[in-house]
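Geometric and topological summary
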Amino acid sequence: MKLTSQTFNLHKATRAKLLNYLDSLTEQGLATIPNGFNNNVLWNIAHCVATQQILCYKLSGLTPKVPESFIETYRKGTAPDGHTPTKEEVQQLKELLISTQKQLQEDYQQGFFENFNSYSTSYGFELNSIEDAIQFNNTHESMHLGVVISLNYFVK
């Protein structure tokens with residue numbers, strides 16, 4: 001099953017919403033962990049980028065488009081380290097949100113993903129192809145957008 005442009009349009013729309021939160025909050029706001037939460041806006045957004053790279057590139061046996069240190073910092077099972085990001089770090093995350101969305105679409109459309117290692121997500125969903133991974137990634141990022149919306153309510 002070949003993915004349509006709508007799948008990538010949804011990804012782009014979700015990333016645009018996440019970008020809005022990076023633009024609307026201060027560095028301190030991005031790093032704030034409200035009572036009852038275990039992470040912050042910055043971590044949730046960076047986690048979306050890291051997870052996309054794992055689900056799509058690593059499970060396909062390909063080299064991710066972001067540094068391994070970034071993936072290790074924001075992958076599943078990690079938590080914010082307590083630092084307040086610099087303006088440069090926020091700018092880098094903005095650029096990664098845009099560049100990794102575009103790169104994934106281009107790589108998929110060019111047939112870059114030839115292999116895929118099946119993976120069972122903690123959501124209870126089995127990924128058996130790059131198409132499964134891309135579609136699940138949209139769901140995953142939408143879930144984290146919901147968390148970001150909630151965090152924003154308490155941070156402002």
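Residues numbered from 1 in each chain as written. Predicted model: local features only at pLDDT ≥ 70, side-chain atom pairs only at ≥ 80, totals over all residues. Heavy atoms only, no water.

**Describing the overall build of the protein**
Heads up, the rule is: To qualify as a helix, a DSSP run of H or I must reach at least 4 residues; to qualify as a strand, a run of E must reach at least 2; elements of each kind are numbered from the N terminus. Put simply, the radius of gyration uses C-alpha atoms, and a globule should come to 2.2 Å times the residue count raised to 0.38. By the convention used here, residues are in contact when the closest approach between their heavy atoms is within 4.5 Å. Only the protein chains shown count as cover for residues, and the accessible areas themselves come from Shrake-Rupley with a 1.4 Å probe.
Scanning the protein from terminus to terminus reveals 6 helices and 2 strands. Each helix and strand of the protein, ordered N terminal to C terminal, gives the series α-α-α-α-α-β-β-α. Its C-alpha atoms give the protein a radius of gyration of 15 Å, near enough to 15 Å, the size a compact globule of 156 residues would have. Each principal axis of the C-alpha atoms in the protein carries an extent, and together these give about 45 × 25 × 25 Å. Contacts in the protein between residues at least 24 apart in sequence constitute 74% of all its contacts with a sequence separation of at least 6. Split by element, the accessible area of the protein, about 8100 Å² in all, is 51% carbon and sulfur.

**Digging into the packing of helix α3 (residues 41–57) against helix α6 (residues 130–155)**
Packed helices, taken two at a time, are described by the angle their axes make and the gap between the axes. Rules: Here an axis means a line fitted to C-alpha atoms, over the contact stretch when the element is a helix, while the angle between two N-to-C directions is reported on a 0 to 180 degree scale. The cut-offs work like this: below 35 degrees is roughly parallel, past 145 is roughly antiparallel, 65 to 115 is roughly perpendicular, and the gaps in between are oblique. Think of it as three bins: nonpolar holds Ala, Val, Leu, Ile, Met, Phe, Trp, Tyr, Cys and Pro, charged holds Asp, Glu, Lys and Arg, and polar takes everything else, Gly as well.
Interhelical geometry of α3 versus α6 gives an angle of 175 degrees and a closest axis separation of 9 Å. Between α3 and α6, the angle falls in the class roughly antiparallel. Contact residues: Val41, Trp43, Asn44, Ile45, His47, Cys48, Thr51, Gln52, Leu55 and Cys56 in α3; Ile130, Ala133, Ile134, Phe136, Asn137, His140, Glu141, His144, Val147, Val148, Leu151 and Asn152 in α6. Split into classes, the residues belonging to the contact of α3 with α6 amount to 13 nonpolar, 8 polar and 1 charged.

**Quick notes on the UniProt feature "domain: DinB-like" (unreviewed entry) in the protein**
The test is simple: UniProt positions are given in the numbering used here, feature names are shortened, and annotations may be inferred rather than shown by experiment.
Cross-referencing UniProt, the feature "domain: DinB-like" (unreviewed entry) maps to residues 12–147 in the present numbering. Taken end to end, residues 12–147 is 61% helix and 3% strand, and its two terminal C-alpha atoms sit 18 Å from one another.

**Describing the packing of aromatic side chains**
Remark: the centre distance and the inter-plane angle together describe each pair of aromatic rings, the angle taken between the planes. Note the threshold: In this scheme Phe, Tyr and Trp rings, the latter by its six-membered ring, pair at centre separations within 6.5 Å, and the angle between planes marks the pair as stacked below 30 degrees, edge-to-face above 60, and tilted otherwise. Relative accessibility decides the category of a residue: with a 1.4 Å probe and only protein chains considered, values under 20% of the type maximum give buried, values over 50% give exposed, and everything between is partly exposed.
Taken as a whole and assessed by the stated rule, the structure comprises 8 aromatic pairs. Consider the rings of Tyr153 and Phe154, whose centres lie 5.2 Å apart with planes at 90 degrees: the pair is edge-to-face. A relative accessible area of 65% means that Tyr153 is categorised as exposed. Through successive ring pairs, a cluster of aromatic residues spans Phe37, Tyr153 and Phe154.

**A look at α3**
This is how it is decided: Expected span, for any helix, means 1.5 Å times one less than how many residues it has. N or O atoms within 3.5 Å of each other form a polar contact, as long as, within protein, one can give a hydrogen and the other can take it, and as long as residues adjacent in sequence are counted only when both atoms are side-chain atoms.
The terminal C-alpha atoms of α3, which comprises 17 residues, lie 24 Å apart, in line with the 24 Å expected from a rise of 1.5 Å per residue. For α3, the tally of buried residues reaches 17 of 17 residues, placing the bulk of the element in the interior. The N-terminus of α3 is capped by Asn40, whose side-chain oxygen sits 3.3 Å from the backbone nitrogen of Leu42.

**Observations regarding the pattern of salt bridges**
Threshold: One side-chain nitrogen of Lys or Arg within 4 Å of one carboxyl oxygen of Asp or Glu is enough to make a salt bridge.
By the definition in use, this model includes 5 salt bridges. With a closest N to O distance of 3.5 Å, Lys87 and Glu27 form a salt bridge. Here Lys87 is found in helix α5 (residues 87–109), whereas its partner Glu27 is found in helix α2 (residues 27–31), with 60 residues between them in sequence. Classification of Lys87 by relative accessible area gives exposed; the value is 59%. Of the charged contacts, one joins Glu68 and Lys58 as a salt bridge, the two residues approaching to 2.8 Å between their closest N and O atoms.

**Remarks on the nonpolar core**
Going by this rule: Among buried residues, those of type Ala, Val, Leu, Ile, Met, Phe, Trp, Tyr and Cys that are joined through side-chain atoms within 4.5 Å constitute a nonpolar core.
Within the largest apolar cluster, 27 residues are counted, with the highest numbers of intra-cluster contacts made by Leu22, Val41, Ile45, Phe70 and Leu93. Elements with a minimum of two residues in this core: α1 (5–24), α3, α4 (68–74), α5 and α6. Among the elements that take part in this core, α3 stands out by supplying 9 residues, more than any other. Excluding residues within four positions of it along the chain, Val41 makes contact with Tyr21, Leu25, Leu30, Val148, Leu151 and Asn152. Listed in part, the 15 residues of the second largest apolar core include Cys56, Phe113, Ala133 and Ile134.

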